Amino acid sequence: MIRFDYARATDVAAAVRAGAAERTRYLAGGTNLVDLMKENVERPLHVVDINRLALKGIEDRDDGGLRLGALATNADTAYDARVQSRYPLLASAILAGASPQLRNVATNGGNLNQRTRCYYFYDTATPCNKREPGSGCSAIGGVTRIHAILGASNHCIATHPSDLCVALAALEAEVQVTGPAGERTIPLSDYHRLPGDAPERDNTLAPGELVTAIDLPAEGFADHYTYLKLRDRLSYAFALVSVAVGLTLEDDGTIGDARVALGGVAHKPWRSTEAETLLQGAVPSEGIFRAAAETLLKGAVGQGGNDFKIELARRAIMRALKQAADGTPQSQTDKRVR
Ligand SMILES: Cc1cc2nc3c(=O)[nH]c(=O)nc-3n(C[C@H](O)[C@H](O)[C@H](O)COP(=O)(O)OP(=O)(O)OC[C@H]3O[C@@H](n4cnc5c(N)ncnc54)[C@H](O)[C@@H]3O)c2cc1C
Ligand code: SF4
């Protein structure tokens, strides 16, 4: 039995005070943290239950955007009428993930902070720099089907497993956090980090910082979007490769704004401003989609077992761009299960 303290916070200030203690974890839906504690991968000394905090709301913002509470569940977010009509890319990405039961419990803040699904990270009998810094990376030279092709390092080749975050990256969402040093806003693209020589750090949250909300800007790309997720099974499986695309089209048919984010390929949702700039002002065509895919995948390297991902990603990007431009998204439209 591994002992830990459990405390239930009733407001954000109290949660952050409690969260400042060493080896503390916030408990939201628990769908990732509790599994990791059972497997002895996460060994917090203190668990602060944040489920009573008033962070479950989804509210309109004055700038035309939407604020998603950190404790709004993935299901409440995906089935919110405003998310469905104004941000169908986000709804599709959420509904492509996990299962109805999990989405009913999993929260937006928890989804952002979920840990990698690298097999070795879960297997405490093997070395893993993310779990135990300095111990080595068992995935390099091991089984790498689900591992990174972009932005990896000699210390870690893990991927971030979230679907929701890939859509948030394409939408250029912002993460609101409160911590011992006060409140701050982190652009989603700066929230997760590449592994470098510190793979134990998944993101740029400072110790004790709590995610309170995620802000979506007014532009939701509701007319031209898609979330294309490719995986080993049709449900209950993480992405091998996923692509979130949001486009605006001008009256003359050329592309106005363009956003493309990839999941399943790196330690964070992967974007390339160079690829997006290439698309802006172009007439949608197979040629320009291929050029954008090549640009996004510049520097991609396989690890043996995941070499297939480079070609898979290239084709997925081209297909997703065509779906978005044609207005024929790969939407996920499951009915809500309570
Ligand atoms: C079988 C299975 C399949 C899955 N498939 C998918 C999938 O296909 N796609 C996908 O995207 N996800 C998938 N998931 C992951 C699931 O989406 C996450 O487990 C869930 O989103 C985590 O949310 P939670 O509220 O349960 O977080 P918790 O488990 O409570 O917490 C997870 C982590 O986030 C931290 N945390 C939680 N809230 C906050 C906050 N507000 N501020 C700071 N830190 C916080 C916790 O301390 C912990 O470290 C799957 C999970 C399972 C078990
Ligand atoms: S890829 Fe990262 S998470 Fe997986 S074993 Fe290597 S260090 Fe650990």
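This one's a predicted model, so the numbers in the text were calculated from it and none came from an experiment.

**Q** When you look at the pattern of salt bridges in this model, what are you seeing that I'm missing?
**A** Close approach of charged atoms lets side chains of opposite charge pair. Taken as a whole, this structure holds 23 salt bridges when the rule is applied. Residues K130 and D202 are paired through a salt bridge, measuring 2.7 Å at the closest nitrogen-oxygen approach. Separated by 72 residues along the polypeptide, K130 in the loop between α8 (119–122) and α9 (164–171) and D202 in the loop between α10 (188–191) and β8 (210–216) bring together distant segments of the chain. Judged by relative accessible area, K130 falls into the buried class, the value being 6%. Between E172 and R259 there is a salt bridge whose closest N-O contact spans 3.5 Å. Taken together, the positions of E172 in the loop between α9 and β6 (174–179) and R259 in strand β11 (residues 255–263) put the pair 87 residues apart, joining distant regions of the chain. Taking the relative accessible area as the measure of exposure, E172 reaches 39% and is therefore partly exposed. Each of R25, E42, R115, K130 and D202 takes part in a single network of salt bridges with overlapping partners.

**Q** What exactly am I supposed to notice about the side chain of T24 here?
**A** Assignment of secondary structure puts T24 in strand β2 (residues 24–27). Engagement of the side chain of T24 in a polar contact is seen with the backbone oxygen of A21, the distance being 2.7 Å.

**Q** Before we go on, may I ask you to explain the side chain of H267 in this structure?
**A** Structurally, H267 is set in the loop between β11 and α11 (273–279). Of the polar contacts made by the side chain of H267, one reaches the side chain of K130; its length is 2.7 Å. At 2.5 Å, the side chain of H267 and the backbone oxygen of R193 are in polar contact. Among residues more than four places away in sequence, those in contact with H267 are K130, C156, A158, T159, H160, H192, R193, L194, P195, P199, R201 and D202.

**Q** What am I meant to see in helix α1 (residues 12–19) here?
**A** Three or four residues apart is the spacing at which side chains of an α-helix point the same way, because the helix has 3.6 residues per turn. Taken as a whole, α1 has its buried residues at A15, V16 and G19. Mapping the buried residues of α1 onto a view down its axis gives an arc of 95°, with all of them on the same face. The inward-facing, buried residues of α1 abut β2, β3 (46–49), β6 and β8. Measuring from the side-chain oxygen of the N-cap residue of α1 to the backbone nitrogen of A13 gives 3.3 Å; that N-cap residue is D11.

**Q** Even after reading the chapter, I still don't get the site of ligand 1, so can you show me in this structure?
**A** Ligand 1 sits among 32 residues. The nearest are Y26, G30, T31, T107 and D163. A98 has a polar backbone atom sitting 2.9 Å from an oxygen atom of ligand 1. Contact with the protein chains removes 94% of the 980 Å² of surface that ligand 1 exposes when unbound. Listing elements by their share of the shell around ligand 1, those giving two or more residues are β2, α7 (108–113) and β8. Per-element accounting of the shell around ligand 1 gives the leading share, 4 residues, to α7. Of the residues that constitute the shell around ligand 1, the class distribution is 15 nonpolar, 13 polar and 4 charged.

**Q** Looking at this structure, I do not really get the sheet that holds β3. What am I missing?
**A** Read across the open sheet, the 3 strands follow the order β1-β3-β2; overall the sheet is parallel. Since the sheet does not close on itself, it has two edges, and those belong to β1 (5–8) and β2, each with one partner. When strand polarity is set aside, the average angle formed by the axes of neighbouring strands in this sheet is 25°. Note: β2 against β3, 4 bridges, orientation parallel.

Each value, and the rule that gives it
Residues numbered from 1 in each chain as written. Chains lettered and ligands numbered in written order. Predicted model: local features only at pLDDT ≥ 70, side-chain atom pairs only at ≥ 80, totals over all residues. Heavy atoms only, no water. Salt bridge = Lys/Arg side-chain N within 4 Å of Asp/Glu carboxyl O. Helix = DSSP H or I, 4+ residues; strand = E, 2+ residues; numbered from the N terminus. Buried < 20%, exposed > 50% of the residue type's maximum accessible area, 1.4 Å probe, protein only. Polar contact = N/O pair within 3.5 Å; in protein donor to acceptor, adjacent residues only side chain to side chain. Contact = heavy atoms within 4.5 Å. Arc of directions from axis to C-beta. Near = heavy atom within 4 Å. Areas by Shrake-Rupley, 256 points an atom, 1.4 Å probe, with all protein chains shown as cover. Nonpolar A, V, L, I, M, F, W, Y, C, P; charged D, E, K, R; others polar. Pairing = 2+ DSSP bridges. Axes fitted to C-alpha atoms, helices over the stretch in contact; angles between N-to-C directions.

None of the figures reported here should be taken as evidence of function without further support.
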